[in-house]
Amino acid sequence: MPSLANIAAQTLQRRILDGHYPPGSALPGQRELSENLGISRASLREAISMLEALGLLRSQAGKGVFVTAGKPASAADLPAGPSAMPPAAIFQMRYVVEPANAALAARQAGPEGIEALRECMLEMQRALAASDLLTAADCDLRFHLALAELSGNPALTEHFQAHLAYSLRLPFADRSHIWQPADEHNAILAAVAAGNASAARKAMQQHLNSAAGRVGITFVKP
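Keep in mind that what you see is a predicted model, and the values were worked out from it rather than measured.

K.L.:
Mind laying out the overall build of the protein chain, listing which residues take part and the relevant values?
P.N.:
When you go through the protein chain residue by residue, the secondary structure sums to 10 helices and two strands. Its helices and strands in sequence order give the protein chain the pattern α-α-α-β-β-α-α-α-α-α-α-α, from N to C terminus. Taking 2.2 N^0.38 as the reference for a compact globule, 222 residues should give roughly 17 Å; the C-alpha atoms of the protein chain span a radius of gyration of 18 Å, in line with that estimate. Reported as C-alpha extents along the three principal axes, the dimensions of the protein chain are approximately 50 × 35 × 30 Å. Counting every position in the protein chain, which comprises 222 residues, the buried fraction comes to 48%. Taking all contacts inside the protein chain whose residues are at least 6 apart in sequence as the whole, residues at least 24 apart take part in 73%. Accessible surface for the protein chain amounts to roughly 10600 Å². Of this, 54% is attributable to carbon and sulfur atoms. On the protein chain, the mean spot of the 19 positive side-chain charges and the mean spot of the 19 negative ones are 6 Å from each other.

So this is what it looks like as structure tokens:
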């Protein structure tokens, strides 16, 4: 079941897309908006954080929260991640772990696991076609978590999910390349379905390099 913050984020995204909150406008104050949405301020702040990572909103200290025009933030202006973890550190951690997950999934994923990945990708593509970035990012997360599960290594799902979710939202802020993650996922899926561990590892590495590049993030590769 979606969290209250996720439901609120969906509502705000819908209001932005239908022009209720046009680009450049400020959202109502937190008290008014939390009462309007029927949620706590803590849940509202979490919802706003999701939309900031997706590039739909931008907070300005002392001024409020504003709807963006779809222009991605520079790497130096990216919103803070969980526990104030630097985005480059998260991508570096992912580069260490996720290519191995993809390779292991290619070696041992069964038909049901492959089909689950395909269904996830179909849902992601439907969300992108509808400009529903929240759902697309959620499908993105489910795809990566499914690979971790298919690898037989539950560590990623247990310890890094919040950091992973945050880093996956960031590249969607670049509206000119919102379909690129889906294309890269399909390359990973094809390698996993073929049982080609080497190709799956390489496809995941290319995906992570490309995702970081779309955000302007650089990190030292091991």
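Once the structure has been displayed, the description carries forward.
K.L.:
Describe the layout of surface pockets, with residues and values.
P.N.:
For the largest pocket, the calculated volume is near 390 Å³. Of all the secondary-structure elements, those providing two or more residues to the lining of the largest pocket are helix 3 (41–53), helix 6 (133–150) and helix 8 (161–169). Per element, the largest residue contribution to the lining of the largest pocket is six residues, and it comes from helix 8. Class assignment of the residues belonging to the lining of the largest pocket gives a composition of 11 nonpolar, five polar and three charged.

K.L.:
Can you break down the packing of aromatic side chains residue by residue, with the values?
P.N.:
Applying the stated rule across the entire model yields one aromatic pair. A cation sits over an aromatic face here: Lys-221 above Tyr-95, 5.9 Å from the ring centre. Taking NZ or CZ as reference, Lys-221 lies 4.5 Å from the ring centre of Phe-219, over its face.

K.L.:
Give a description of empty space enclosed by the protein that names residues and reports values.
P.N.:
Applying the stated criterion across every chain yields a total of one cavity of 30 Å³ or more. Put simply, the largest cavity is a space of about 50 Å³. Together, Arg-94, Asp-140, Ser-167, Leu-168, Pro-171, Phe-172, Pro-181, His-207, Ala-211 and Arg-214 line the largest cavity. Mapped by element, the contributors of at least two residues to the lining of the largest cavity are helix 8 and helix 10 (197–215). With three residues, the top contributor of residues to the lining of the largest cavity is helix 10.

K.L.:
Give me the packing of helix 9 (residues 180–193) against helix 10: which residues, what numbers.
P.N.:
It is the contact of helix 9 with helix 10, at a shortest axis distance of 8 Å, that shows an interaxial angle of 170 degrees. In terms of their interaxial angle, helix 9 and helix 10 are classed as roughly antiparallel. Where helix 9 approaches helix 10, its residues Gln-180, Pro-181, Glu-184, His-185, Ala-187, Ile-188, Ala-191 and Val-192 are matched on the opposing element by Ala-199, Ala-200, Ala-203, Met-204, His-207, Ser-210 and Arg-214. Split into classes, the residues belonging to the contact of helix 9 with helix 10 amount to nine nonpolar, four polar and two charged.

K.L.:
Give me the confidence of the model for the protein chain: which residues, what numbers.
P.N.:
Confidence along the protein chain averages 91 in pLDDT terms, with 94% of residues attaining 70 or more. Mean pLDDT across the secondary structure elements of the protein chain bottoms out at helix 7 (residues 155–159), with 65, and peaks at helix 9, with 97.

K.L.:
Can you lay out the pairing of strand 2 (residues 64–67) for me, pointing to particular residues and giving the numbers?
P.N.:
Of the pairings in the sheet, the one linking strand 1 (residues 57–60) to strand 2 comprises four bridges and is antiparallel in character. Residue pairing across strands places Arg-58 opposite Phe-66, the latter belonging to strand 2. Hairpin connection between strand 1 and strand 2: a loop of three residues separates the two successive antiparallel strands, and Gly-62 in this loop has a positive phi of roughly 80 degrees.

K.L.:
So what's going on with helix 4 (residues 87–108)? Residues and values would help.
P.N.:
If you check helix 4, its first and last C-alpha atoms are 31 Å apart, about what 22 residues at 1.5 Å a residue would give, namely 32 Å. In helix 4, a bend of some 30 degrees at Tyr-95 exceeds every other bend along the element, and Pro-99, a proline, comes one to four places later.

Thresholds, definitions, all that
- Residues numbered from 1 in each chain as written.
- Predicted model: local features only at pLDDT ≥ 70, side-chain atom pairs only at ≥ 80, totals over all residues.
- Heavy atoms only, no water.
- Helix = DSSP H or I, 4+ residues; strand = E, 2+ residues; numbered from the N terminus.
- Rg over C-alpha atoms; globule rule 2.2 N^0.38 Å.
- Buried < 20%, exposed > 50% of the residue type's maximum accessible area, 1.4 Å probe, protein only.
- Contact = heavy atoms within 4.5 Å.
- Areas by Shrake-Rupley, 256 points an atom, 1.4 Å probe, with all protein chains shown as cover.
- Lys, Arg positive; Asp, Glu negative; His and termini not counted.
- Charge placed at Lys NZ, Arg CZ, Asp CG, Glu CD.
- 1 Å grid on protein atoms, 1.4 Å probe; cavity = no way out; pocket = protein on both sides within 12 Å on 5 of 7 lines; lining within 4 Å.
- Points joined across faces, edges and corners; volume = space filled by probe spheres on them.
- Nonpolar A, V, L, I, M, F, W, Y, C, P; charged D, E, K, R; others polar.
- Phe/Tyr/Trp six-rings, centres within 6.5 Å; stacked < 30°, edge-to-face > 60°.
- Lys NZ or Arg CZ within 6 Å of the ring centre and 35° of its normal.
- Axes fitted to C-alpha atoms, helices over the stretch in contact; angles between N-to-C directions.
- Parallel < 35°, antiparallel > 145°, perpendicular 65-115°, else oblique.
- pLDDT = per-residue confidence, 0-100.
- Pairing = 2+ DSSP bridges.
- Expected span 1.5 Å × (residues − 1).
- Bend = angle between axes of the 7 residues up to and from the residue.

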